[in-house]
Amino acid sequence: MARLPRFVIPGQPQHVIVRGNNRAEIFCADADCNFYLEKLKLACDKHECSVHAYVLMTNHVHLLITPHLEQSLGKAMQMLGRYYVQYYNYCYQRTGTLWEGRYKATLIDSEAYLFTCMRYIELNPVRAGMVINPADYPWSSYHYNALGQANDLVLPHPEFQHLGKSNEARQSAYRALFKHQLSNNSITEIREATNKAWVLGNDRFKQRIQEQLGRRVEPKARGGDRKSEQFLLNCTLSVGGTTSS
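This is a predicted model, so every value here is computed, not measured.

(A) Representation of the overall build of the chain in the model. Along the chain, the regular secondary structure elements total ten helices and four strands. Traced from its N-terminal end to its C-terminal end, the chain shows the element sequence β-α-β-β-α-β-α-α-α-α-α-α-α-α. A sequence separation of at least 24 residues applies to 72% of the contacts in the chain between residues at least 6 apart.

(B) Representation of the sheet that holds strand 4 (residues 104-107). Pairing is antiparallel in the open sheet, where four strands are placed in the order 2-3-1-4. With one partner strand each, in any of the chains shown, strand 2 (49-56) and strand 4 form the two edges of the open sheet. Here the strands of the sheet are splayed against their neighbours by 20 degrees on average, with no regard to which way each runs. The pairing of strand 2 with strand 3 (residues 60-67) spans seven bridges and is antiparallel. When the sheet's bridge partners are listed, Cys 49 is paired in strand 3 with Pro 67.

(C) The arrangement of the pattern of salt bridges in detail. With the rule as written, the count across this model stands at four salt bridges. Across the pair Lys 206 and Glu 218 runs a salt bridge whose closest N-O atoms are separated by 3.1 Å. With a gap of twelve residues between them, Lys 206 in helix 9 (residues 203-213) and Glu 218 in the loop between helix 9 and helix 10 (229-239) connect regions that are remote in the sequence.

(D) A look at the pairing of strand 3. In terms of burial, strand 3 is largely enclosed, as eight of its eight residues are buried. Of the two faces of strand 3, both are covered, the one formed by His 60, His 62, Leu 64 and Thr 66 as well as the one formed by Val 61, Leu 63, Ile 65 and Pro 67. Remark: three residues form the turn of the hairpin made by strand 2 and strand 3, two consecutive strands paired antiparallel.

(E) Geometry of the packing of aromatic side chains. Taken as a whole, this structure holds twelve aromatic pairs when the rule is applied. Ring centres of Phe 27 and Tyr 36 lie 5.3 Å apart, and the angle between their planes is 90 degrees; this geometry places the pair in the edge-to-face category. For the pair Phe 27 and Tyr 36, a shared accessibility class is recorded, and that class is buried. Ring geometry for Tyr 84 against Tyr 88: centres 5.9 Å apart, planes inclined by 40 degrees, an arrangement best described as tilted. Here Tyr 84 and its partner Tyr 88 are both found in helix 2 (residues 72-91), four residues apart, which amounts to about one turn of the helix. In this pair, the class of Tyr 84 matches that of Tyr 88, namely buried.

(F) Seen up close, the environment of Leu 114. Turning to its location among the elements, Leu 114 is positioned in helix 3 (residues 110-122). Judged by relative accessible area, which is 0%, Leu 114 ranks as buried. Along the backbone, Leu 114 and His 52 are 62 residues apart, and their C-alpha atoms lie at a distance of 9.6 Å. If we ignore the near neighbours within four places in the chain, the residues touching Leu 114 are Pro 13, Leu 64, Ile 108, Asp 109, His 157, Glu 159 and Phe 160.

(G) Region of interest: the nonpolar core. Judged by nonpolar contacts, the single largest core of 59 residues is most densely connected at Val 16, Tyr 36 and Tyr 84. Sorting the residues of this core by element identifies strand 1 (14-19), helix 1 (30-47), strand 2, strand 3, helix 2, helix 3 and helix 8 (184-195) as the ones contributing at least two each. Residues in contact with Val 16, not counting those within four places in the same chain, are Val 61, His 62, Leu 63, Ile 65, Leu 73, Met 77, Tyr 103, Lys 104 and Ala 105. Core analysis: the next-biggest nonpolar cluster, separate from the first, contains seven residues, Phe 7, Leu 107, Phe 205 and Ile 209 among them.

(H) Main features of the side chain of Arg 19. Of note, Arg 19 is situated in strand 1. Summary of buried charges: Arg 19 has no salt-bridge partner, and the nearest side chain of opposite charge, Glu 100, is 4.6 Å away. Once residues lying within four places of it in the same chain are set aside, the contact partners of Arg 19 are Asn 59, His 60, Leu 98, Trp 99 and Glu 100.

(I) Geometry of the packing of helix 1 against helix 2. Here helix 1 crosses helix 2 at 150 degrees, and the two axes come no closer than 9 Å. Taken together, the axes of helix 1 and helix 2 are roughly antiparallel relative to one another. Between helix 1 and helix 2 lies a crossing whose hand is right-handed. Contact residues: Ala 31, Asp 32, Phe 35, Tyr 36, Lys 39, Leu 40, Leu 42, Ala 43, Lys 46 and His 47 in helix 1; Ser 72, Lys 75, Ala 76, Met 79, Leu 80, Tyr 83, Tyr 84, Tyr 87 and Tyr 88 in helix 2. Residues belonging to the contact of helix 1 with helix 2 are distributed by class as follows: 13 nonpolar, two polar and four charged.

Rules used in this analysis
- Residues numbered from 1 in each chain as written.
- Predicted model: local features only at pLDDT ≥ 70, side-chain atom pairs only at ≥ 80, totals over all residues.
- Heavy atoms only, no water.
- Helix = DSSP H or I, 4+ residues; strand = E, 2+ residues; numbered from the N terminus.
- Contact = heavy atoms within 4.5 Å.
- Pairing = 2+ DSSP bridges.
- Axes fitted to C-alpha atoms, helices over the stretch in contact; angles between N-to-C directions.
- Salt bridge = Lys/Arg side-chain N within 4 Å of Asp/Glu carboxyl O.
- Buried < 20%, exposed > 50% of the residue type's maximum accessible area, 1.4 Å probe, protein only.
- Phe/Tyr/Trp six-rings, centres within 6.5 Å; stacked < 30°, edge-to-face > 60°.
- Core = buried A, V, L, I, M, F, W, Y, C linked by side-chain atoms within 4.5 Å.
- Lys, Arg positive; Asp, Glu negative; His and termini not counted.
- Parallel < 35°, antiparallel > 145°, perpendicular 65-115°, else oblique.
- Left-handed = near helix turned anticlockwise from the far one by under 90°.
- Nonpolar A, V, L, I, M, F, W, Y, C, P; charged D, E, K, R; others polar.

Set out below in structure tokens:
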């Protein structure tokens, strides 16, 4: 069955996950991480994408990224993947694929989910038990977004700019968000939406995207169409004690 095209709307951020094949390591040294980030910036500059948050884990990558043209994200990820595979195979004397299929991506409702997704990304090393505080992990955008460390790769989203009138105020407000843990529901929602390529947002946002793109943006409710005659009939039979075999 042909794969549906990803949901892409220029100017709307996406949560992207790239995994190593069979969950194998894709970063073995600091030099690997530096090279990946260098080529990520190159690819995003060339294909007009803005990176708002990222984390490089040992066997996968999370990005929050806004494509500014319809083909921006796909072209940037293809360019980055090609550069990094060539580099990695050369450095570690290997051949063959490095990635676990296509990258995963979900369209993000920036008003309702931007900061939830940013926290989800930058807290990955904490959830993995690698560090206690996100500031202790060197390969994420937390150092820029929360602490103001220089980073040419990261471009703040307009919603981030609204956190305060100065850089210091915005960073302080952003750090305050990390005082509250992400709920299990939020974590599950982000994971399922990204892995299954559904849209992540509130009902109003999903309705707007569905009308704009003419495609279903979330899975159908389980149990069938609850407004259908057959569903109502089944409910009536169940209440009446009638069963079929």
